[in-house]
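Survey of secondary and tertiary structure
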Amino acid sequence: MADNTDVNPDELEVADELIAERRSGAPGETPDDMTPWQRPIVAFIDVLNLWAGRITCLLLIPIIVSMIWEVTSRKAFEWFAAYDLDNVARSLGLGPTLWVYETSRMLAGAIFMLGAGYALMRGVHIRADFLYRNWNRRNQASVDAALYLLFYFPAMLFFLWVSTEYTIKAWATWERAMDTTMMAPLAPARTAMPVGALLLLLQGVAELFRCFYDMGKERERMFLKFLPFYVVGLAIIFVSVFFPDVLPVGSWWSALIGGTGLGDVSPQAIGVFMLAVMLFSIFVGFPISFTLIFLAFTFGAWGIGGRLVFYLQTFQFNSVMLDDQLVAVPLFVFMGIMMEQAGLMERLFRSVQLMLSRTRGALFIAVLFVSTIFAAATGIVGASVTILGIMAAKTMNRSGYDVKLAAGTITAGGTLGILIPPSIMLVVMGPVLEVPVTDLFAAAIMPGIMLALLYMLYSIGRCWINPALGPALPPEEQPETSPYYILEVIVVMASLVFMLYLAGVGLRGGFSGLFPLAGLVIPLVWIAFMYFAFNWIRKTRPGGFYFSDLWYEFFMGLVPPSTLVAFALGSILFGWATPAEAAACGAFGAILLTVAYGKFSKEQLYDALIKTLEISVLIMFLVAASNFFGAVFSRLGTPTMLTELLLSWDLSVTMVLIIVMALIFLLGWPLEWVPIVLIIVPILIPLLIKLDVNLVWFGILVAVNLQTAWLSPPVALSAYFLKGVVPEWDLKDIYLGMMQFMVIQVIGLILILIFPQIALWLPAYMYGN
């Protein structure tokens, strides 16, 4: 039987849980028996996109630096202004800027476009591979090759042409942004669109050749015989669309469509057919982004006209590139990866485990407590589940813990990262629902804490009913403590609660006016007092009382990430900084933590940047593709038709929400949160608005519901992450453990549905109605 101590966490890909399958092997490497003329082409394109990715990921650094400058400069100016020293501040170049806003959003947009080819080369564009992964490699390659020819190349070729026209016009007219007084030129950032489209088109050629190799020589020969006819056909379509005077195929095609009666189909019906084909197509297993783009092209050209649809795609991609709210996505991803690299999770888990060593179910409590803290700090489910499995499984096995309950606590605790803010999913969901991300963050706090408490109560309750499920740790595992251990616990916890109180007062501005930066200085002074008092009592041991060694580990594991998250999240909730600015400060703070804990290196920094690029491209490209799909779908008028149809059923708001939640719950089994949030949720928004449903409340219902995607077999990526690091646990036991906690999630969802104030109380308290 394998032992989980053999697992090296540094070799695990735990930060990319959205990625269906990362390609193994070095970029540029090709099999020796690949068709000879294809090998140098594949190698050249791979290396080209490799360097494009390596260079593009570095753009995150100037985004962080510029936003740190913006925040510190603005706060310094406010401090000078409070003492009537505005002129001094201006002479020092301090104060709010516009260039940071423009620079950061344009660089973030360039990151996701220029890195798209690299992401495809590394195999990290998301697939709904529920059916796809059950096929053999030859069949997978054959289907992929057919879909590259059918979906990918037409979409990318048209996008390349239209985005090039769009960019040339921006350079020729020196087009400027009209949404800020700075009116920054758009041409430099917009150039990323045709460049990114070209890199994607080239990488598609390399991927097609790989498919030829994987399908076998016999099938490859068939595809190669067909390829010249395909190229000619695609060229004819391209010329007829963009140069109709040269080749008027469009008029012939319109006549043919009219003769078949397809031209008489209403736009709304075309949209329904488009939706049905989309739901079928994504399960074939081709990357969802490119599937959506092609379907939007095809059905849009049928329903509203070809050229309009092509320009609509470019407009939607440009809008995503310049969306200032989405700048926070790569920054929060980077913050989470750097926090995971700092190694604080292990220290906190070990200290909580020892602190509760005499308690039944101590390891369950430790897992859930640590996962709640690091859900806010990292938001990366794969990282949390994997590290918790490495840390806890061996001790749980040695202590005789129940495997099912152990697996359930680890996987359920890890899923809290997509709900507890600052959550990447909520950052993406805000623009989709057209509600402030700050409202979603505030609304998610109480449901996240509630779910963590429900998990904990269930685990502890099961252990008290049946102590064999989670016995106390063996005596040799229990730490040495003072004779006044209960007093230790009371003093430490009271000190931490008071620290949190001071931090809260500081964030609310309660210390303003005492002295400069009082809101930051006073909590830090209390932390310093705690540290020195701790050391003094350990040395002098007054009356035999002293603090155990475990408290130092507890403090060092808890306070740094908690402080970082509190100030990052607090600055968002209290309006001190935008989500992007707070994410940049959090990313910078995470770098400082890795330095302080001796875990920083240039190699790890670069690794974090590359992983950030991969995850950000995956999310942002799908955001752009789904926006394009949704724009075509809306233009066809289908959402309005579906809304009127559902309203005609005369269902209550509660019944409609129950149906919607059931639909999302079922889709969460085969799909991850990204396609559901970006494709399914926008379709529902017109109906929700008509029913006057609070969209912040609905967003939290969706977020809690989508946690089930991580715990619902057969996809349930959390199960595979855990199995990878604890191979001796049977997958069936892991599934059974996860299902228990999925039921708890459903109970939590029902509570929020019945009592909306669980989610809405805090944002109403903070921001008013």
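Residues numbered from 1 in each chain as written. Predicted model: local features only at pLDDT ≥ 70, side-chain atom pairs only at ≥ 80, totals over all residues. Heavy atoms only, no water.

1. Topic: the overall build of the protein chain
Within the protein chain, the secondary structure is distributed over 32 helices and zero strands. The C-alpha atoms of the protein chain give a radius of gyration of 28 Å, which matches the 27 Å a tight globule of 769 residues would have. For the C-alpha atoms alone, the extent of the protein chain along its principal axes is close to 95 × 70 × 60 Å. Considering the protein chain as a whole, with its 769 residues, one finds that 57% of them fall into the buried category. Put simply, of all contacts in the protein chain between residues at least 6 apart along the chain, 83% involve residues at least 24 apart. In the form shown here, the protein chain has an accessible surface area of approximately 31,400 Å², with 69% of it arising from carbon and sulfur atoms. (Helix = DSSP H or I, 4+ residues; strand = E, 2+ residues; numbered from the N terminus. Rg over C-alpha atoms; globule rule 2.2 N^0.38 Å. Buried < 20%, exposed > 50% of the residue type's maximum accessible area, 1.4 Å probe, protein only. Contact = heavy atoms within 4.5 Å. Areas by Shrake-Rupley, 256 points an atom, 1.4 Å probe, with all protein chains shown as cover.)

2. Some points on the pattern of salt bridges
According to the stated counting rule, one finds eleven salt bridges in the structure shown. For Lys-611, the salt bridge is made with Asp-607, and the minimal N-O distance between the two is 3.5 Å. Linking Lys-611 with Asp-607, this pair stays in helix H25 (residues 602–635), spanning four residues, or about one helical turn. A relative accessible area of 12% places Lys-611 in the buried class. Taking the relative accessible area as the measure of exposure, Asp-607 reaches 31% and is therefore partly exposed. Through salt bridges with shared partners, one network takes in Asp-46, Glu-207 and Arg-210. (Salt bridge = Lys/Arg side-chain N within 4 Å of Asp/Glu carboxyl O.)

3. Overview of the nonpolar core
Judged by nonpolar contacts, the single largest core of 261 residues is most densely connected at Phe-334, Met-396, Trp-673, Phe-698 and Trp-729. Listed in part, the six residues of the second largest apolar core include Met-106, Ala-184, Leu-186 and Ala-189. (Core = buried A, V, L, I, M, F, W, Y, C linked by side-chain atoms within 4.5 Å.)

4. Remarks on the side chain of Ser-423
Assignment of secondary structure puts Ser-423 in the loop between helix H18 (403–415) and helix H19 (424–433). In this view, Ser-423 contacts Gly-417, Ile-418 and Phe-441; residues no more than four positions away in its chain are not counted.

5. Focus on the packing of aromatic side chains
In this structure the tally under the stated criterion is 44 aromatic pairs. For the ring pair Phe-158 and Phe-310, a centre distance of 4.9 Å and an interplane angle of 50° mean the geometry is tilted. Here Phe-310 lies in helix H13 (residues 306–321) and Phe-158 lies in helix H6 (residues 137–173), a separation of 152 residues in the sequence. Take Phe-158: its relative accessible area is 6%, and that puts it in the buried class. With centroids separated by 5.8 Å and ring planes inclined at 45°, the aromatic side chains of Phe-212 and Phe-223 adopt a geometry described as tilted. Of this pair, Phe-212 sits in helix H8 (residues 192–215) while Phe-223 is found in helix H9 (residues 217–242), placing the two residues eleven residues apart along the sequence. Looking at Phe-212, the relative accessible area reads 0%, which means it is buried. Site record: aromatic cluster; members linked through ring pairs are Phe-112, Tyr-148, Phe-151, Tyr-152, Phe-153, Phe-159, Phe-286, Phe-290, Phe-294, Phe-317 and Phe-621. A cation over a ring is seen here: Arg-54 above Trp-51, with NZ or CZ 4.8 Å from the ring centre. In this structure, Arg-541 packs its charged tip against the face of Tyr-546, placed 3.8 Å from the ring centre. (Phe/Tyr/Trp six-rings, centres within 6.5 Å; stacked < 30°, edge-to-face > 60°. Lys NZ or Arg CZ within 6 Å of the ring centre and 35° of its normal.)

6. Topic: the environment of Trp-171
Take Trp-171: it is sitting in helix H6. Classification of Trp-171 as partly exposed rests on a relative accessible area of 44%. Sequence separation of Trp-171 and Thr-191 is 20 residues, and the distance between their C-alpha atoms is 9.0 Å. In contact with Trp-171, other than residues within four places in its own chain, are Ala-187, Pro-188 and Thr-191.

7. Some details on the confidence of the model for the protein chain
Atomic detail in the predicted coordinates should be set aside for any region of low pLDDT. Mean pLDDT over the protein chain: 84, with 92% of residues reaching 70 or higher. In this model residues 1–21 is a low-confidence stretch, pLDDT under 50, and it forms 57 contacts with partners more than four residues away in sequence or in other chains. (pLDDT = per-residue confidence, 0-100.)

8. Digging into helix H22 (residues 518–540)
Spanning 23 residues, H22 covers 32 Å between terminal C-alpha atoms, matching the ideal 33 Å at 1.5 Å per step. Every buried residue of H22 is listed here: Ala-518, Gly-519, Ile-522, Pro-523, Ile-527, Met-530, Phe-534 and Ile-537. Taken from the residues just after H22, Arg-541 is the one with a positive phi, measuring 50°. (Expected span 1.5 Å × (residues − 1).)

9. Looking at the side chain of Thr-56
Position of Thr-56 relative to the elements: it lies in helix H1 (residues 39–57). For Thr-56, a relative accessible area of 3% corresponds to the buried category. In this structure the side chain of Thr-56 is engaged in a polar contact, spanning 2.5 Å, whose partner is the backbone oxygen of Ala-52. Among residues more than four places away in sequence, those in contact with Thr-56 are Ala-110, Ile-111, Leu-114, Gly-115 and Leu-613. (Polar contact = N/O pair within 3.5 Å; in protein donor to acceptor, adjacent residues only side chain to side chain.)

10. Some thoughts on the environment of Arg-538
Mapped onto the secondary structure, Arg-538 falls in helix H22. Along the chain, Arg-538 and Asp-549 lie eleven residues apart, while their C-alpha atoms are 9.1 Å from each other. Apart from residues lying up to four places away in sequence, Arg-538 is in contact with Tyr-546, Phe-547, Ser-548 and Asp-549. Reaching out from Arg-538, the side chain makes a polar contact with the backbone oxygen of Phe-547 at a distance of 2.7 Å.

11. Looking at a nonpolar patch on the surface
Together, Leu-514, Phe-515, Leu-517, Leu-520, Val-521, Leu-524 and Val-525 make up a nonpolar patch on the protein surface, roughly 620 Å² of accessible area in all. Given a relative accessible area of 38%, Leu-520 falls into the partly exposed group. (Patch = residues over 30% accessible without salt bridge, like charges linked within 9 Å, V, L, I, M, F, W, Y side chains within 5 Å.)

12. Section: the packing of helix H14 (residues 328–341) against helix H23 (residues 549–573)
Relative to each other, H14 and H23 sit at 170°, their axes nearing to 12 Å. Relative to H23, the element H14 is oriented roughly antiparallel. Taken together, the residues of H23 that come into contact with H14 (itself represented by Phe-332, Met-335 and Met-339) are Pro-561, Leu-564, Val-565 and Ile-572. When grouped by side-chain class, the residues that make up the contact of H14 with H23 number seven nonpolar, no polar and no charged. (Axes fitted to C-alpha atoms, helices over the stretch in contact; angles between N-to-C directions. Parallel < 35°, antiparallel > 145°, perpendicular 65-115°, else oblique. Nonpolar A, V, L, I, M, F, W, Y, C, P; charged D, E, K, R; others polar.)

13. Observations concerning unusual backbone geometry
Cis geometry marks the peptide bond from Pro-421 to Pro-422, where omega comes out at 0°. Tracing the backbone shows Pro-422 in the loop between H18 and H19. The backbone of Glu-434 shows a phi angle near 60°, a positive value even though the residue is not glycine. Here Glu-434 lies in the loop between H19 and helix H20 (437–465). Judged by its relative accessible area of 73%, Glu-434 is exposed.

14. Some thoughts on H19
For H19, the buried fraction is high: nine of the ten residues fall into the buried class. Three or more residues of H19 are buried, namely Ile-424, Met-425, Leu-426, Val-427, Val-428, Met-429, Gly-430, Val-432 and Leu-433. The inward-facing, buried residues of H19 contact H14, H20, H25, helix H28 (673–690) and helix H29 (695–706). Capping of H19 at its N-terminal end is provided by Ser-423; its side-chain oxygen lies 3.2 Å from the backbone amide nitrogen of Met-425.

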